[in-house]
Amino acid sequence: MIRLKDNSAYVFITSLVAYLFVYGFEISHFTLSVDEEYMNNSLHTLSLGRWGHTLLHMYVLPEPWLPFFSITTGIIFLALSNIFICKYLKLDLVHSVIFSILLVGMPQAAFQLEFGNQADTYGISVFLTTVSILFFAEKSLKNSIIFVLANAFAISIYQSSIVTPITIFLLKEMFDYFRNEPEYKTSLGNSIKSLIRLLALLIASYIVYKIILILVMKAFGVSQSPYLADFIGWNLGVAHGIKFGFGSVIKYTSFIFAPYGMKHFSFVLPALLAILIIAFKRKRLEIFLCGFLALISVFAINIGIGSNLPPRTLIEAPMVFAGLITFVIFATQKRDVGIIFSVVILFFACLFSSKLFYSDYAAREADSYVAQEIVSRIHEKVDGFDETKTPVFFTGTFTPQNVWKIENSDAFGFSFFEGKRYRILNYLKVINLANFTQPPDDKVSELVAYSKSMSTWPSSGSVALTDGIVIVKLGSDNTENEDFKIDLRNR
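In what follows, the accompanying structure is described. Please read all numbers here as calculations on a predicted model, not as lab measurements.

### What about the overall build of the chain?
Reasoning step 1: The helix and strand tally for the chain stands at 19 helices and three strands.
Reasoning step 2: Over its C-alpha atoms the chain spans a radius of gyration of 25 Å, differing by no more than 12% from the 23 Å that the globule rule assigns to 491 residues.
Reasoning step 3: Expressed along its principal axes, the backbone C-alpha trace of the chain runs to roughly 85 × 45 × 45 Å.
Reasoning step 4: Each of the 491 residues in the chain was classed as buried or not, and the buried ones make up 58%.
Reasoning step 5: Across the chain, contacts joining residues at least 24 apart in sequence account for 80% of those joining residues at least 6 apart.
Reasoning step 6: When the accessible surface of the chain is summed, it comes to about 20,900 Å², and 64% of that surface belongs to carbon and sulfur atoms.
Reasoning step 7: Distance between charge centroids for the chain: 12 Å, based on 40 positive and 38 negative side chains.

Printed below as a string of structure tokens:
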């Protein structure tokens, strides 16, 4: 039976207020972002193996998303998750508050919450993994079954969450080795045994997840998408896998190369150095080993598939950031410094998050203007244009001016007109501007060939009618409208 202490209310309120502060702009200014242009994304997410997300959005949560509701629901579950992490780490009130503020202050969640269609389920996934670790701590068959089921469902929402229990476990062992008191006393042998048991239960969770996935896919008549398989970098050679898999550790812990908003994750390196010194003084190198492995666990999937995955996949990064720094504060008994440092970090998190989400907001403002101009131009060029009878074909890409776009910020600030033509059509539909139909697939090559002689947007010759189909040439480059998402294996 899980029992929460009185500290839980303080941790929850602190976390919730911190989350609202950091993500307040997006909550109050919902912005249509990449992947939010779909009105129904359920079967697509199922094809990605996320049957938990699909079932939740089909029968419990709104599909595809709701402004304010979706992101706020996710944030509430994230705030609740901090209660269970702090309880598992056995932190007192002050260090629980410091840990919670630092965790929110590492705004990696921005890269998840940008996708409103999964903001709510993402929070639920993190919540399930953090709750499950308390059941793991209390050994019994019943608790083991609950752990397996909770993590199977968490994985079915977002596969990266399979690593989270390992990360939290390693952080706890680090604290316990330092305490070295009778109630916390542990040994390397016991830690290894517990880790093996944890890995065995996670493997069982994955097996349950896969069995249910097969059954749900069969029930809905959906086949597995190659999307996730395309990320496997080891298929491109050992050198490639090492460079981009292990290289991701260097990228994300480097202030220079880390994505915008995650640059202060590099604080984990001086924290780890301080932990090494503490471990030597305590003559317990296991303290450093656990801290180091916790950091590496953030990149376990990157290393496992040999790719440099986007920041939204590193859901354990805030936990490790908060855990390592809180440990140093705990071990050095610098509570006042810790409180000040965590508050400063939180203010910078608000700065980073607000700039990221505003770059998306500015992009949508520019997209809206371009979209209205394109629709007006079509009606000017084609007499009696009827969108129900005349297909519209977009070719090439166009990047509206966005002075707020931030370099190295993943999908933030991108325009829908930089993506595939189906994204453009869906975007025009979801903003209630136009509901264009696409031409038949067998016409695509012919239309691309015809467009080569056309001028590009916004010139007057960028819109033309041929064979009953409207062509809009956005750019001369990339006529196949490849998606703006770069091959993430090579980033």
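Let's pick the thread back up.
### Description of the packing of helix H1 (residues 7–22) against helix H6 (residues 93–105)
Reasoning step 1: The N-to-C vectors of H1 and H6 enclose an angle of 25 degrees; their axes lie 9 Å apart at closest approach. Taken together, H1 and H6 sit at an angle that is classed as roughly parallel. As H1 packs across H6, the resulting crossing turns out to be right-handed. For the pair H1 and H6, the contacting residues are Asn7, Tyr10, Val11, Thr14, Ser15, Ala18, Tyr19 and Val22 in the first and Leu93, Ser96, Val97, Ser100, Ile101, Leu103 and Val104 in the second.
Reasoning step 2: Partitioned by chemical class, the residues of the contact of H1 with H6 number 10 nonpolar, five polar and no charged.

### Details of the environment of Ala331
Reasoning step 1: If you trace the backbone, Ala331 turns up in helix H16 (residues 317–332).
Reasoning step 2: What makes Ala331 buried here is its relative accessible area of 19%.
Reasoning step 3: Considering only alpha carbons, one finds Ala331 and Leu48, 283 residues apart in sequence, at a separation of 43 Å.
Reasoning step 4: Residues within four places of Ala331 in sequence aside, it is in contact with Phe178 and Ile278.

### Digging into the sheet that holds strand E2 (residues 463–466)
Reasoning step 1: Pairing within the open sheet is mixed, and its three strands lie in the order E1-E3-E2. Both outer strands of the open sheet, strand E1 (392–395) and E2, are each paired with one neighbouring strand and no more. Averaged over all pairs of adjacent strands, the angle between their axes in this sheet comes to 25 degrees, without regard to strand direction.
Reasoning step 2: Pairing of E2 with strand E3 (residues 469–473), which is carried by four bridges, proceeds in the antiparallel orientation. Following the sheet pairing, Thr466 is matched in E3 by Ile469.

### A word on helix H19 (residues 444–451)
The α-helix advances 3.6 residues per turn, and as a result positions three or four apart in sequence lie on the same side.
Reasoning step 1: Here H19 has its buried residues at Val444, Leu447, Val448 and Ser451. Along H19, the residues classed as buried sweep out an arc of 100 degrees about the axis, all on the same side.
Reasoning step 2: Elements in contact with the buried residues of H19: E1, E2 and E3.

### A word on the side chain of Asp367
Reasoning step 1: Residue placement: Asp367 occurs in helix H17 (residues 335–381).
Reasoning step 2: On the accessibility criterion, Asp367 (0% relative accessible area) is buried.
Reasoning step 3: When sequence neighbours within four positions are dropped, the list of residues in contact with Asp367 reads Pro400, Ser415, Phe416, Phe417 and Tyr427.

Parameters and conventions
- For every chain, the first residue of the written sequence is number 1, and numbering continues from 1 onward in sequence order.
- Two thresholds apply to this predicted model, a pLDDT of at least 70 for residue-level local features and 80 or more for giving and counting side-chain atom pairs, whereas whole-chain, interface and lining totals are computed over all residues.
- Values reported for side chains reflect all heavy atoms of the structure, with hydrogen atoms and water molecules removed beforehand.
- Each helix corresponds to a stretch of at least 4 residues labelled H or I by DSSP, and each strand to a stretch of at least 2 residues labelled E; elements are numbered beginning at the N terminus.
- Note on method: radius of gyration uses C-alpha positions; expected globular size equals 2.2 Å times residues raised to 0.38.
- Summary of the burial criterion: residues with accessible area below 20% of their type's maximum are buried, those above 50% are exposed, and those between are partly exposed, where the area comes from a 1.4 Å probe applied to protein chains only.
- Contacts between residues were defined by any pair of non-hydrogen atoms, one from each residue, lying within 4.5 Å.
- Exposure was quantified through the Shrake-Rupley algorithm and a 1.4 Å probe, taking into account, for residues, occlusion by the shown protein chains and nothing else.
- Counted as positive: Lys and Arg. Counted as negative: Asp and Glu. His and the chain ends are not counted at all.
- A charge is said to be at NZ when it belongs to Lys, at CZ for Arg, at CG for Asp and at CD for Glu.
- Interaxial angles span 0 to 180 degrees and are taken between N-to-C directions of axes, which are lines fitted to C-alpha atoms, for helices over the stretch in contact.
- Here is the rule for angles: anything less than 35 degrees is roughly parallel, anything more than 145 is roughly antiparallel, 65 through 115 is roughly perpendicular, and the remaining ranges are oblique.
- In this scheme the handedness of a crossing depends on how the near helix is turned from the far one: anticlockwise by less than a right angle means left-handed, clockwise means right-handed.
- Asp, Glu, Lys and Arg are counted as charged, while Ala, Val, Leu, Ile, Met, Phe, Trp, Tyr, Cys and Pro are counted as nonpolar; the rest, among them Gly, fall into the polar class.
- In this description, strands pair whenever DSSP reports at least two bridges between them.
- Comment: arc refers to directions from the helix axis out to C-beta atoms.

Take it as geometry only, folks, not as evidence of what the structure does.
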